[in-house]
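In case you want the letters, here they are:
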Amino acid sequence: MIDAHIATRPGSPQRPNEDSYAAVADLVVVADGATAPPSLGTGCVHDPRWYSRELTAQAAAAHVRGPGASLADILSAAISATAAAHTATCDPNHPGTPSSTVVMLRARHEALDWLVLGDATLVLETPAGLSTICDDRLFRTNKDLREQVLSTAADDPERPARIAALVDAQRNFRNVDGGFWVAASDPSAAHKALAGTEPISAGTTWRAALLTDGASAAVDTYSLTDWRGLLDLLDAAGPNALLESVRKIENDDPTAHRYPRIKRSDDATVAYLTGAPA
Ligand SMILES: [Zn+2]
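Since this is a predicted model, take the numbers as computed values, not measurements. (Residues numbered from 1 in each chain as written. Predicted model: local features only at pLDDT ≥ 70, side-chain atom pairs only at ≥ 80, totals over all residues. Heavy atoms only, no water.)

K.L.:
Is there a simple way to think about the overall build of the chain in this case?
P.N.:
Assigned secondary structure in the chain consists of seven helices and 10 strands. Its C-alpha radius of gyration of 18 Å places the chain within 12% of the 19 Å reference for a compact globule of 278 residues. Expressed as lengths along the three principal axes of its C-alpha atoms, the size of the chain is roughly 55 × 45 × 35 Å. Put simply, 70% of the contacts in the chain that link residues at least 6 apart link residues at least 24 apart. Surface exposure of the chain reaches about 12100 Å², of which carbon and sulfur atoms provide 52%. Of note, the chain has its 24 positive side-chain charges centred 2 Å away from the centre of its 35 negative side-chain charges. (Helix = DSSP H or I, 4+ residues; strand = E, 2+ residues; numbered from the N terminus. Rg over C-alpha atoms; globule rule 2.2 N^0.38 Å. Contact = heavy atoms within 4.5 Å. Areas by Shrake-Rupley, 256 points an atom, 1.4 Å probe, with all protein chains shown as cover. Lys, Arg positive; Asp, Glu negative; His and termini not counted. Charge placed at Lys NZ, Arg CZ, Asp CG, Glu CD.)

K.L.:
Which parts of the structure should I look at to understand the nonpolar core?
P.N.:
One broad rule of soluble globular proteins: the nonpolar side chains tend to lie buried together. Of all hydrophobic cores here, the largest spans 24 residues; its most connected members are Leu55, Leu75, Val102, Met104, Leu115 and Leu117. Of all the secondary structure elements, the ones that give two or more residues to this core are strand S3 (27-33), helix H1 (48-65), helix H2 (71-84), strand S4 (100-108) and strand S5 (111-117). In this view, Met104 contacts Leu27, Val28, Val29, Leu71, Ile74, Leu75, Asp113, Trp114, Leu115 and Leu210; residues no more than four positions away in its chain are not counted. The next biggest cluster of nonpolar side chains, apart from the first, holds 21 residues, and it includes Val123, Leu211, Val219 and Tyr259. (Core = buried A, V, L, I, M, F, W, Y, C linked by side-chain atoms within 4.5 Å. Buried < 20%, exposed > 50% of the residue type's maximum accessible area, 1.4 Å probe, protein only.)

K.L.:
Just to check I follow, could you spell out the environment of Ala111 for this structure?
P.N.:
Note that Ala111 resides in strand S5. For the pair Ala111 and Ile200, spaced 89 residues apart in sequence, the C-alpha separation works out to 5.0 Å. Aside from chain neighbours lying at most four places away, what touches Ala111 is Arg106, Thr197, Glu198, Pro199 and Ile200.

K.L.:
What is the right way to read the pairing of S3 from this model?
P.N.:
In summary, the side chains of a regular strand alternate between the two faces of the sheet. In terms of burial, S3 is largely enclosed, as seven of its seven residues are buried. Burial along S3 is two-sided: the residues Leu27, Val29, Ala31 and Gly33 and Val28, Val30 and Asp32 are all buried. Here strand S2 (residues 19-24) runs beside S3; their pairing, made up of six bridges, is antiparallel. When the sheet's bridge partners are listed, Tyr21 is paired in S3 with Val30. (Pairing = 2+ DSSP bridges.)

K.L.:
I tried to follow the sheet that holds strand S6 (residues 121-126) on my own but got confused; where do I start?
P.N.:
Two orientations exist for strands paired in a sheet by backbone hydrogen bonds: parallel and antiparallel. If you walk across this open sheet you meet the five strands as S1-S10-S9-S6-S7, and the pairing is antiparallel. Edge positions in the sheet fall to strand S1 (2-9) and strand S7 (129-134), since each has one partner strand and no second. When the angles between neighbouring strand axes are averaged without regard to direction, this sheet yields 10 degrees. With eight bridges joining them, S1 and strand S10 (residues 268-275) adopt antiparallel strand pairing. The residue of S10 that forms the bridge with Ile6 is Ala271. (Axes fitted to C-alpha atoms, helices over the stretch in contact; angles between N-to-C directions.)

This is the structure we're talking about:
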């Protein structure tokens, strides 16, 4: 038996939510479209919201068509299908083509398959213990430019230009060896993801949280609790309560002084999944 609770909300009521998710019985995929400063260009008539929604839908479809495929193969097929969906109108090879982080979990009879691409987070608790998986390769690039953004207040007029400089520089490291990997137009990125399989006995009780960075901030930026505490909070109060707690912390720190961060509030999604004997 799998029990799934999912919540998502935009970082601001004035902007569309660029996160997306899809669930097909035994597979859940959560994606976070990367915000692109308008000044940089994308070669695309769509937006990050279109990309993340198309990608999650294509991943769900690929899973249904080939349920025995690895998660990397499913994601690779989804990236290819999403790129194909806009070649007629856009240039998917543009360095600013829309991209997305991805976290996936698939429950099989005696195993859990997982995949993390980009700065999404998976928290997984099985009888073997608790693991937290996040791909931090993005944060090993452009440290100086990121620091320049974080050293300005959220309402500083210089901030948008500093963010644009950071995003522009990041494009040089996107989907190249030695840089960081995200879903964009290169299907091989799926095979650069962190991925694994956790064996479980049939009927084992397990818990998992799939989080975009706007939601994992509860622990990795705001220290609201630890990762096990996050699962406990989700168990007791549900995903929506977690996202409300995150927003409260952010609203109490509108200039991002106490908790330095790129965005005052980011789109946030959490899928809380549990497995138990039927
Ligand atoms: Zn497009």
